[in-house]
Amino acid sequence: MDAAKIPYETVSYQVDENDLSAVHVAEQLGEDAACVFKTLVLRGDKSGVFVCIIPGNQEVDLKKAAQASGNKSCSMTKMQELLALTGYIRGGCSPIGMKRPYPMYIHQSCRDFERIYLSAGCRGMQVYLRTEDIIRYARLTVCDLV
């Protein structure tokens, strides 16, 4: 993002190994969980691996995720696969800088906020940036996922 001259802030928070949820992260940041987005890695029956980015206080609707990604069905990838697929571990998975360029979808509520939080790629760190910047930079498709 530095090379693309996209302004952002990194914000640290206290990690709780027993609670890696985005809701906990939002509490640590003193923010509404609706603007702290979590990155989920799924596998579709036709497309293979793809990424959904949804508000921290929501759950992905697998039917909507499958439809958005052009699949008939999809499921969450196994936690043990996450590092090999993305280069990130649970609680630190970011849509920025994954090992491979997967199709990525972000929930439409992101546009309710001028800026959103995303994982910075490690536990204990979030990146705070303009919503439209991350949509453009990461080539995110905005759609209904929850």
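As a reminder, the structure under discussion sits directly above these lines.
Below: a short report on this structure. (Residues numbered from 1 in each chain as written. Predicted model: local features only at pLDDT ≥ 70, side-chain atom pairs only at ≥ 80, totals over all residues. Heavy atoms only, no water.)

1. Re the overall build of the protein
- Looking only at helices and strands, the protein features four helices and eight strands.
- Starting at the N terminus and ending at the C terminus, the protein contains elements arranged as β-α-β-β-α-β-α-β-β-β-α-β.
- Its C-alpha radius of gyration of 14 Å places the protein within 12% of the 15 Å reference for a compact globule of 146 residues.
- When the backbone C-alpha atoms are referred to their principal axes, the protein occupies close to 40 × 35 × 25 Å. (Helix = DSSP H or I, 4+ residues; strand = E, 2+ residues; numbered from the N terminus. Rg over C-alpha atoms; globule rule 2.2 N^0.38 Å.)

2. Quick notes on the pairing of strand β6 (residues 115-119)
- When you tally the buried positions in β6, you get four out of five residues, the bulk of the element.
- Pairing of β6 with strand β7 (residues 125-130) involves five bridges; the strand directions are antiparallel. Residue pairing across strands places Arg115 opposite Arg130, the latter belonging to β7. (Buried < 20%, exposed > 50% of the residue type's maximum accessible area, 1.4 Å probe, protein only. Pairing = 2+ DSSP bridges.)

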